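Single-letter residue listing:
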Amino acid sequence: MSNNGAEGRQLILLRFPPALRGVRARLVSLALASMLPVFLFAAAVTFHIVDREQEAIRTHGLELARLAVEEVDQEIAVARAMLVGISTTQALRDQNMEALYAQAREAAHRYGKPIGFVDREGNRRFVTFAPLGEPLPPHNAPDQLRLALETGQTQVSNLIPAPLRGDRAVVLMEPSVSGGTIAGAFGIEVDVAGIVARIATTKLPEQWLVAILDRNHTIIGRSRAAEQYVGTQATPDLRALIAASPSGTSRASTKEGLPVFTAYRQVRSTGWTVAVGVPEDVVKSPLDKTLITLLVSGLTLTALSIGTALAVARGISRPILSLTDAAGMLARGKTVPLAGVGLAEAEQVGLTLHLASVELEQRTDERAAAERRRRTADRRIQELQVELMHASRLSAVGALGATIAHEINQPLAAIANYLEVGRMLGEDTGCNPEVLDALDHALTQARRASTTIQHIRAFAAKHTVECRAEDVAAIVEEACVVGLVGLHDAGVHVERRVAPGCPSILADRVQVQQVLVNLIRNAVDAMGYGPRRHLMVSAAPNTVADMVDFTVADTGTGLDHDTIRTLFSPFRTTKANGMGIGLSISRTIVEAHGGRIWAEANPDGGALFRFSIPAALEKTRDEV
């Protein structure tokens, strides 16, 4: 199908006269067709510039909102610092209300706003604009006051009535601590109008608007018509924006009904929102100028593109044809040389082909190197498996021999006792001397067999361990690699965790890895195909005992108390097909190193197996 389509297109092209298929005709078509993309380009640039202008206004608005937030945070910090300073005076510790009232009045005079104090029971003790001892109505922000007294954290109210003055205010409540307990809370009116005035005079461009809203979206400060709109709710569209996101930009309208471009940001310390409004007339005026300028530029660019296209297209065909040889070399796997063809675009393509050929050659070499590293790693894993298998067999033979010797030694001792008794009875009853002689020989052989068994047990128990300083991280890594061979598709999540600065251990590396591999495989078997299969292998220093503690934790079925008590005994197993010598061998290895091994329940479900190995301290290394 594809070959037939290509042949059909070639036949259609051949029907046109050669003049129409030549370079000149193509260039004329290119010049005519270039007008449309130029116009499209001009339109795209225009819209792009418009977007950039809007983005600049949005960014400026957000920056002003951020600066306004900083102004609010600074004002809150100043007010808090003043209240904290009062709360640390001796007058509060002595509960001297007259001295405390005098200090609060002095601070209120410097700040320009009244200060009040409420004791720990929530009783208003004084307000600096009223005489000390004058009865005061209950606080108009009881919820924030209660939180301040209960939690000891600073609270800021929404806009609340101030009946003593007949107006409204926003109050910051700072808990005061005396003798380790909350003695009460100081309150100070936040100068929201002063904040708005500083923003408007120092940071806000002309015709722009800034407003501050409390957590109920009530206007508590405004740069224009504050007397009219402070205490009223923000417009519905602004409330919807704040409910959707704590900060952002969008089109909205003011309380006066004027369309504006709004940028808003939430004040984290108070939960307030600062909104900056830019009238749409301010936004549209520069945009209209930009559109006219870009339209003229687009028409000029269209005219220039036609002439430029005719001039540049003359040198296109020859450089493009020169790239076919480079593509053929790349297809054959050869390095493409760099060559100047007189056309930047074609030279860029040539450079790309050259880099592609070099990269292809490098990747070929990297694949070969990776293959060599993989084979080396496979050989290393096989060597580790052989070493661990050899150590496991030696340990199993030793443990099995010691166990068999222990079991046989008892009946041999009984046989010797019975033979001794029989010989004594024979002497007392005057038995045939030949029978007594046979009993003597039997008793001698029984004692000889018992001595041989005892030697076997002593040899198995006193097997020496060749120890040297070994890196803990390397031991854990290699043990995990060997213990998890063939389990990549088992769905087990493995976590390795070696404490930073963990010292080396004084041990036989292969034997310690044998213990870890045995515990790792037991953990995987215990988890089976449960829904949660998490295996953690960790090591951490135990500075108290100069040891390094290893832990293998699983999320399997876990262990009961009776199982834990006999878990490390020979021929005790919880597996259907287990021999019961793996954990016994592990205990023998750990104890031969001077450590200990134990098991316990995992608080997260499953079991924890831990064992300790002596750390290779500097003193120990010197002695070794």
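Structure: see above.
So, here's what we can say about the structure. (Residues numbered from 1 in each chain as written. Predicted model: local features only at pLDDT ≥ 70, side-chain atom pairs only at ≥ 80, totals over all residues. Heavy atoms only, no water.)

### Focus: the overall build of the protein
When helices and strands are tallied, the protein shows 19 helices and 19 strands. A buried classification covers 37% of the 624 residues belonging to the protein. (Helix = DSSP H or I, 4+ residues; strand = E, 2+ residues; numbered from the N terminus. Buried < 20%, exposed > 50% of the residue type's maximum accessible area, 1.4 Å probe, protein only.)

### A closer look at the pairing of strand β19 (residues 607–614)
Counting buried residues in β19 gives 7 out of 8 residues, a clear majority hidden from the surface. In this structure, strand β17 (residues 547–553) lies alongside β19, joined through 7 bridges in antiparallel fashion. Its bridge partner lying in β19, Asp 549 is registered against Ser 612. In terms of strand pairing, strand β18 (residues 597–601) meets β19 through 5 bridges, oriented antiparallel. Directly across from Glu 600, in β19, lies its bridge partner Leu 608. Connecting β18 to the antiparallel partner β19 that follows it, the hairpin turn spans 5 residues, and Gly 605 within it adopts a positive phi of roughly 100°. (Pairing = 2+ DSSP bridges.)

### Observations concerning the packing of helix α15 (residues 472–483) against helix α16 (residues 509–527)
Orientation of α15 relative to α16, taken along the N-to-C sense of each, is 50°, at an axis distance of 9 Å. If you check the angle between α15 and α16, you find them oblique. As for how α15 packs across α16, the hand of that crossing is right-handed. Contacts from Ala 474, Ile 475, Val 476, Glu 478, Ala 479, Cys 480, Val 482 and Gly 483 of α15 reach α16 at Arg 509, Val 512, Gln 513, Leu 516, Val 517, Ile 520 and Arg 521. (Axes fitted to C-alpha atoms, helices over the stretch in contact; angles between N-to-C directions. Parallel < 35°, antiparallel > 145°, perpendicular 65-115°, else oblique. Left-handed = near helix turned anticlockwise from the far one by under 90°. Contact = heavy atoms within 4.5 Å.)

### Concerning the sheet that holds strand β7 (residues 181–189)
Across the sheet, which stays open at both edges, the 5 strands sit in the order β2-β1-β7-β6-β3 with antiparallel pairing between neighbours. Of all strands in the sheet, those bounded by a partner on one side alone are β2 (124–127) and β3 (155–156). Against the sheet, helix α6 (residues 97–111) touches β1 (115–119), β2 and β7, its axis set at about 45° to β2.

### As for the sheet that holds strand β8 (residues 209–213)
As summarised here, the arrangement of the 5 strands in space is β9-β8-β12-β11-β10, forming an open sheet in which the pairing is antiparallel. Single-partner strands in this sheet number two, and they are β9 (219–222) and β10 (247–253). Neighbouring strand axes in the sheet, compared pairwise and without regard to direction, differ in orientation by 25° on average. As paired elements, β10 and strand β11 (residues 259–266) share 7 bridges and run antiparallel to each other. Each residue of the ladder has a partner; that of Thr 249, found in β11, is Ala 263. Here helix α8 (residues 192–202) sits on the sheet and contacts β8 and β9; the angle it forms with β8, its principal contact strand, is near 155°.

### Brief notes about the pattern of salt bridges
For the coordinates displayed, the defined rule picks out 17 salt bridges. A salt bridge links Arg 251 to Glu 280, with the shortest nitrogen-to-oxygen separation between them at 3.1 Å. Taken together, the positions of Arg 251 in strand β10 and Glu 280 in helix α11 (residues 280–312) put the pair 29 residues apart, joining distant regions of the chain. A salt bridge links Glu 470 to Arg 468, with the nearest nitrogen and oxygen atoms 2.9 Å apart. Here Glu 470 falls in the buried class, since its relative accessible area comes to 11%. The network of salt bridges with common partners includes Glu 63, Arg 66 and Glu 70. (Salt bridge = Lys/Arg side-chain N within 4 Å of Asp/Glu carboxyl O.)

### Considerations on the environment of Gly 594
Note on placement: Gly 594 falls in the loop between α18 (582–592) and β18. The spatial distance from the C-alpha of Gly 594 to the C-alpha of Ser 612 is 8.5 Å, given a sequence separation of 18 residues. Residues within four places of Gly 594 in sequence aside, it is in contact with Met 547 and Pro 614.

### Thoughts on the side chain of Asp 554
Tracing the chain through its elements places Asp 554 in the loop between β17 and α17 (561–566). No salt bridge is formed by the buried Asp 554. Its closest oppositely charged neighbour is Arg 532, at 8.7 Å. A distance of 2.9 Å separates the side chain of Asp 554 from the backbone nitrogen of Gly 556, its partner in a polar contact. Residue contacts for Asp 554: discarding those within four places in its chain leaves Ala 523, Met 527, His 534, Asn 602, Gly 605, Gly 606 and Ala 607. (Lys, Arg positive; Asp, Glu negative; His and termini not counted. Polar contact = N/O pair within 3.5 Å; in protein donor to acceptor, adjacent residues only side chain to side chain.)

### Observations regarding the environment of Thr 201
Relative to the helices and strands, Thr 201 resides in helix α8. In this structure, the C-alpha to C-alpha distance between Thr 201 and Ser 223, residues 22 residues apart in sequence, is 9.4 Å. Here Arg 198 takes part through its backbone oxygen, which lies 3.3 Å from a polar atom of the side chain of Thr 201.

### Description of α16
The terminal C-alpha atoms of α16, which comprises 19 residues, lie 27 Å apart, in line with the 27 Å expected from a rise of 1.5 Å per residue. Most of α16 is tucked away, with 16 of its 19 residues classed as buried. A distance of 3.1 Å separates the backbone nitrogen of Val 510 from a side-chain oxygen at the start of α16, and that oxygen is part of Asp 508. Trailing α16 by a residue or two, Gly 528 shows a phi angle of about 55°, which is positive. (Expected span 1.5 Å × (residues − 1).)

### Quick word on the pairing of β7
For β7, a buried count of 7 out of 9 residues is recorded, marking the element as mostly surrounded by other parts of the structure. Here β1 runs beside β7; their pairing, made up of 5 bridges, is antiparallel. Along β7, the bridge assignment pairs Gly 116 with Gly 187. Relative to β7, strand β6 (residues 171–178) is paired through 8 bridges, and the arrangement is antiparallel. Bridging across to β7, Met 173 finds its partner in Gly 187. Hairpin connection between β6 and β7: a loop of 2 residues separates the two successive antiparallel strands, and Gly 179 in this loop has a positive phi of roughly 65°.

### Considerations on the packing of α16 against α18
In contact at an axis separation of 10 Å, α16 and α18 are set at 150° when each is read in the N-to-C sense. As judged from the angle between their axes, α16 and α18 are roughly antiparallel. Pair α16 / α18 crosses with left-handed handedness. Together, Gln 511, Gln 514, Val 515, Asn 518, Leu 519 and Asn 522 of α16 and Gly 582, Leu 583, Ile 585, Ser 586, Ile 589 and Val 590 of α18 make up the contact between the two elements. Taken together, the residues of the contact of α16 with α18 break down into 6 nonpolar, 6 polar and no charged. (Nonpolar A, V, L, I, M, F, W, Y, C, P; charged D, E, K, R; others polar.)

### Examining the nonpolar core
In this structure, Leu 100, Ile 115, Phe 186, Ile 212 and Trp 272 are the most contacted members of the largest nonpolar core, which totals 57 residues. If one sorts the elements of this core by residue count, helix α4 (residues 35–87) sits on top with 11 residues. (Core = buried A, V, L, I, M, F, W, Y, C linked by side-chain atoms within 4.5 Å.)

### Points about the packing of aromatic side chains
One pass over the full model with this rule turns up 5 aromatic pairs. Relative to Phe 126, the ring of Tyr 101 lies with its centre 5.3 Å away and its plane at 85°, an arrangement referred to as edge-to-face. Placement of Tyr 101 in helix α6 and of Phe 126 in strand β2 is noted, with a sequence separation of 25 residues between them. Phe 126 matches Tyr 101 in its accessibility class, with the two residues each being buried. Taking 4.7 Å as the distance between ring centres and 50° as the angle between the ring planes, the aromatic pair formed by Phe 117 and Phe 186 counts as tilted. Linking Phe 117 in strand β1 with Phe 186 in strand β7, this pair joins segments that are 69 residues apart in sequence. Note on Phe 186: relative accessible area 1%, which makes it buried. Chaining the aromatic ring pairs together yields one cluster made of Tyr 101, Phe 117, Phe 126 and Phe 186. Stacked on the ring of Trp 598, the Lys or Arg Arg 596 has its end atom at 3.8 Å from the ring centre. (Phe/Tyr/Trp six-rings, centres within 6.5 Å; stacked < 30°, edge-to-face > 60°. Lys NZ or Arg CZ within 6 Å of the ring centre and 35° of its normal.)

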